[in-house]
Amino acid sequence: MNSDTKTIIGRLESIELPDLAITDLQVRVDTGAKTSSLHVDNIVRLMKKGKPYVTFDIHPDIHNVSRLVSCTAPLSDIRKVKSSNGEAEQRYVIKTPITLGDKTWAIEITLTDRSDMNYLMLLGREALGDQFLVDPSLVFLQTITKN
C-alpha cells in the first residue's frame, strides 16, 4: 500500500469498539507500542460453552467515572507484555472490531490497569497495520461515519 492510499491520523483519535458497546473512546496512537492496550477493571476469566472468556468493566468516559460498561469477550490469548515502565506482566488478550473514521477491522487488545495513564487506550502499531500514516502534530483527524 503506498502513502497515497493511506489514511492520515493524529496522535489522538476517537474510536468505537462496537462489540463492546463503546463509542467515542479517545485513544492515544502509539507507534512505539506493538500491541494495543485498554484500561479495564474487575477482569474475570470464565468458561462459556467450553470456551474461555473474560468479563471486565470499562469506564469509557474519563471525565465521567460513574459511567460503567460491563463487557464479555472471548479470550484470544494470554501473553507477557512489557509495559512502559519496563516491567513484564501477564495480560489477557481479546480480539474485537474497532472503528476509526470510515474503517472497521479486528484488532488484538491487551487488558490491563492503565489508571495511572492519561488515556484509557493505546492504539499500537499492529492495530494500525499498513493502512494509516500518523502525524504526531495533529489530533482527531478522523470522525466516525455512520452508515
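The rules behind these values
Residues numbered from 1 in each chain as written. Predicted model: local features only at pLDDT ≥ 70, side-chain atom pairs only at ≥ 80, totals over all residues. Heavy atoms only, no water. Pairing = 2+ DSSP bridges. Helix = DSSP H or I, 4+ residues; strand = E, 2+ residues; numbered from the N terminus. Axes fitted to C-alpha atoms, helices over the stretch in contact; angles between N-to-C directions. Phe/Tyr/Trp six-rings, centres within 6.5 Å; stacked < 30°, edge-to-face > 60°. Lys NZ or Arg CZ within 6 Å of the ring centre and 35° of its normal. Patch = residues over 30% accessible without salt bridge, like charges linked within 9 Å, V, L, I, M, F, W, Y side chains within 5 Å. Areas by Shrake-Rupley, 256 points an atom, 1.4 Å probe, with all protein chains shown as cover. Salt bridge = Lys/Arg side-chain N within 4 Å of Asp/Glu carboxyl O. Buried < 20%, exposed > 50% of the residue type's maximum accessible area, 1.4 Å probe, protein only. Contact = heavy atoms within 4.5 Å.

**Student:** Which residues make up the pairing of strand 4 (residues 41-48), and what values go with them?
**Tutor:** The sheet contact formed by strand 4 and strand 5 (residues 51-58) spans six bridges and is antiparallel. Looking across to strand 5, one finds that Arg45 is bridged to Val54. Between strand 4 and strand 5, which pair antiparallel in sequence order, lie two residues; one of them, Lys49, sits at a positive phi of approximately 55°.

**Student:** Kindly report on the sheet that holds strand 4, identifying the contributing residues and their values.
**Tutor:** Strand order in the open sheet formed by three strands is 4-5-6, and the pairing between neighbours is antiparallel. Two strands in the sheet have a free side with no partner beyond their single neighbour: strand 4 and strand 6 (69-74). On average, adjacent strands in this sheet sit at an angle of 20° to one another, irrespective of strand direction.

**Student:** Break down the packing of aromatic side chains for me, citing the residues and quoting the values.
**Tutor:** Within this structure, the stated rule accounts for one aromatic pair. In this arrangement the basic side chain of Lys48 is found over the ring face of Tyr53, its NZ or CZ atom lying 4.9 Å from the centre.

**Student:** Could you give me a rundown of a nonpolar patch on the surface, with the residues and numbers involved?
**Tutor:** Residues Ile8, Leu133, Leu138 and Leu141 make up a contiguous nonpolar surface patch of roughly 290 Å² in combined accessible area. Structurally, Leu138 can be placed in strand 11 (residues 132-139). Overall, the relative accessible area of 34% leaves Leu138 in the partly exposed class.

**Student:** Account for the side chain of Thr96, naming residues and giving values.
**Tutor:** Its location among the elements puts Thr96 in strand 8 (residues 88-100). The exposure class assigned to Thr96 is buried, which follows from its relative accessible area of 3%. Not counting residues up to four positions away in its chain, the partners in contact with Thr96 are Leu17, Asp19, Leu20, Trp105, Ala106, Ile107 and Ile109.

**Student:** Residue-level account of the pattern of salt bridges, with values.
**Tutor:** Across all of its chains, the model carries five salt bridges by this definition. In this structure, the salt-bridge partner of Lys34 is Glu126, at a minimum N-O distance of 3.9 Å. Separated by 92 residues along the polypeptide, Lys34 in the loop between strand 2 (22-30) and strand 3 (36-39) and Glu126 in helix 1 (residues 125-128) bring together distant segments of the chain. According to the relative accessible area criterion, Glu126 is partly exposed, its value standing at 45%. Arg79 is the partner of Glu108 in a salt bridge, and the nearest nitrogen-oxygen pair spans 3.0 Å. Of the two residues, Glu108 is situated in strand 9 (residues 103-112) and Arg79 in strand 7 (residues 77-82); the sequence distance between them amounts to 29 residues. On the basis of relative accessibility, which here comes to 26%, the residue Glu108 falls in the partly exposed class. Assessed through its relative accessible area of 22%, Arg79 is described here as partly exposed. Within this structure, Asp77, Arg79 and Glu108 form a network of salt bridges that share partners.

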